[in-house]
Amino acid sequence: MVEIVVSILLVFGSAFVLLGSVGLVKLPDVYARLHAPTKATTLGVGALLVASAVQHSALREGISGQELLVTGFFFLTAPIGAYLVSKAALHLRLKAGKAELPPRD
Amino acid sequence: MSETSPAEPGGGRPGLVPHPLLSVLVAATWLLAQNSLYIGHILLAVALGVGLPRLTHRFWPGAPRLRRPGVALRLLAVFFYDLLVANFQVARLVLGPNARLRPGFLQVPLDMQDEFGIVLLASMVTLTPGTVTVDRDAEHNIMLVHALDIDDADAMVALIKSRYEKPLREALGEAPRC
């Protein structure tokens, strides 16, 4: 039973991490590219960590909390990284594909 | 959460526990990192939970307090639901042809005044449906958001404001409950 749940979570998580990477390569410009790794990869890594937590809680006695912590830090760092990259891109006035750049203030 | 001794923002002597929520967070983080409830770890967690916020007191000018935990919990549930949905949306957009995307920038005028609240809001917007926070105009309090696929810009701005900003302001006690 545990194996089934863990397997599903692993496949689900890996699929989303892959998707995040595909998006990073495929999307047209800097700003659009940021979307894939901030969301898909966050969920993917989250699912992988839940899988790890389930597996270790089942193997050992008691529940494993470290994965929860990693997920929390991931949620904190992903938006900040995306914010820094996009702010830098905007500062350099990098093209945004079809989207019109907002006026410089 | 008691409001008996609201520490003077940024100044004055900190009370024993100037930021109760931060203290709980630090202690919980320590215990999770240790992955154990051994008595020594608990004692150290308490010591860190009390000590660290006192040491870093001056870096938290006017730290917001959680006024309405209920509203915050509901917002958290909405956020996790959206995080899941956002991923399927982005998945569809990523796998579809690039030509179908209608990317653009949105200007979101904010009502939120609290700096910490704005950071939270910006992070939530980045993690949820097809939007990434790009910049914030502190002078006019406008948040610049890049969206991957815009159908109706005004509706999207309104959604961000009603779905995230309003409950966040309520939870931090900035806006009255509606």
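Analysis parameters
- Residues numbered from 1 in each chain as written.
- Chains lettered and ligands numbered in written order.
- Predicted model: local features only at pLDDT ≥ 70, side-chain atom pairs only at ≥ 80, totals over all residues.
- Helix = DSSP H or I, 4+ residues; strand = E, 2+ residues; numbered from the N terminus.
- Buried ≥ 20, exposed ≤ 12 C-beta atoms within 10 Å, placed from the backbone.
- Contact = placed C-beta atoms within 7 Å.
- pLDDT = per-residue confidence, 0-100.
- Axes fitted to C-alpha atoms, helices over the stretch in contact; angles between N-to-C directions.
- Parallel < 35°, antiparallel > 145°, perpendicular 65-115°, else oblique.
- Left-handed = near helix turned anticlockwise from the far one by under 90°.
- Nonpolar A, V, L, I, M, F, W, Y, C, P; charged D, E, K, R; others polar.
- Pairing = 2+ DSSP bridges.

A closer look at the overall build of chain B
Turning to step 1, where the next piece is worked out: Within chain B one finds five helices and three strands.
Turning to step 2, where the next piece is worked out: When the helices and strands of chain B are listed from N to C terminus, the series reads α-α-α-β-α-β-β-α.
Turning to step 3, where the next piece is worked out: A total of 178 residues make up chain B; the buried ones form 31% of that total.
Turning to step 4, where the next piece is worked out: Taking contacts inside chain B between residues at least 6 apart in sequence as the whole, the part at least 24 apart equals 68%.

Quick notes on the confidence of the model for chain B
Residue and element names in this part refer to chain B.
Turning to step 1, where the next piece is worked out: Looking at chain B, pLDDT values average 77 and 83% of them are 70 or higher.
Turning to step 2, where the next piece is worked out: Every residue in residues 1-11 scores below 50 in pLDDT, and together they form 13 contacts with partners more than four places removed in sequence or on other chains.
Turning to step 3, where the next piece is worked out: Reported for the predicted complex are a pTM of 0.73 and an ipTM of 0.73.

Notes on the packing of helix α2 (residues 30-59) of chain A against helix α3 (residues 69-95) of chain B
The packing of two helices is summarised by the inter-axis angle and the distance between the axes.
Turning to step 1, where the next piece is worked out: Relative to each other, α2(A) and α3(B) sit at 130°, their axes nearing to 9 Å. Classed by the angle they form, the pair α2(A) and α3(B) counts as oblique. Remark: the crossing between α2(A) and α3(B) carries left-handed chirality. Contact residues: α2(A) offers His35(A), Ala36(A), Lys39(A), Ala40(A) and Leu43(A), while α3(B) offers Leu83(B), Leu84(B), Ala86(B), Asn87(B), Val90(B), Ala91(B) and Val94(B).
Turning to step 2, where the next piece is worked out: Grouping the amino acids of the contact of α2(A) with α3(B) by side-chain chemistry returns nine nonpolar, two polar and one charged.

Structural notes on unusual backbone geometry
Turning to step 1, where the next piece is worked out: A positive phi angle, close to 55°, is found at Asn141(B), a residue other than glycine.
Turning to step 2, where the next piece is worked out: Along the chain, Asn141(B) turns up in the loop between β2 (131-137) and β3 (142-147).

Some thoughts on the interface of chain A and chain B
Turning to step 1, where the next piece is worked out: Every contact between the two is made by 37 residues of chain A and, on the other side, 30 residues of chain B.
Turning to step 2, where the next piece is worked out: Listed by contribution, the elements that provide at least two residues to the side of chain A that touches chain B are α1 (2-26), α2 and α3 (66-91) of chain A.
Turning to step 3, where the next piece is worked out: Here the side of chain A that touches chain B gets eleven residues from one element, more than from any other, and that element is α3(A).
Turning to step 4, where the next piece is worked out: In the side of chain A that touches chain B, the residues fall into 22 nonpolar, nine polar and six charged.

Details of the sheet that holds β2(B)
Turning to step 1, where the next piece is worked out: Across the sheet, which stays open at both edges, the three strands sit in the order β1-β3-β2 (chain B) with antiparallel pairing between neighbours. Across the chains shown, the open sheet's two edge strands, defined by having one partner strand only, are β1 (104-109) and β2 of chain B. The mean angle between the axes of side-by-side strands here comes to 25°, regardless of whether they run parallel or antiparallel.
Turning to step 2, where the next piece is worked out: As defined by bridge partners, β2(B) adjoins β3(B) across six bridges and the pair is classed as antiparallel. For Thr133(B), the partnering residue across the bridge sits in β3(B) and is Val145(B).
Turning to step 3, where the next piece is worked out: Packed on one face of the sheet, α3(A) meets β2 and β3 of chain B and runs near 60° to β2(B).
Turning to step 4, where the next piece is worked out: Of the strands in this sheet, β2 and β3 of chain B are in contact with helix α4 (residues 115-127) of chain B, which crosses β2(B) at around 150°.

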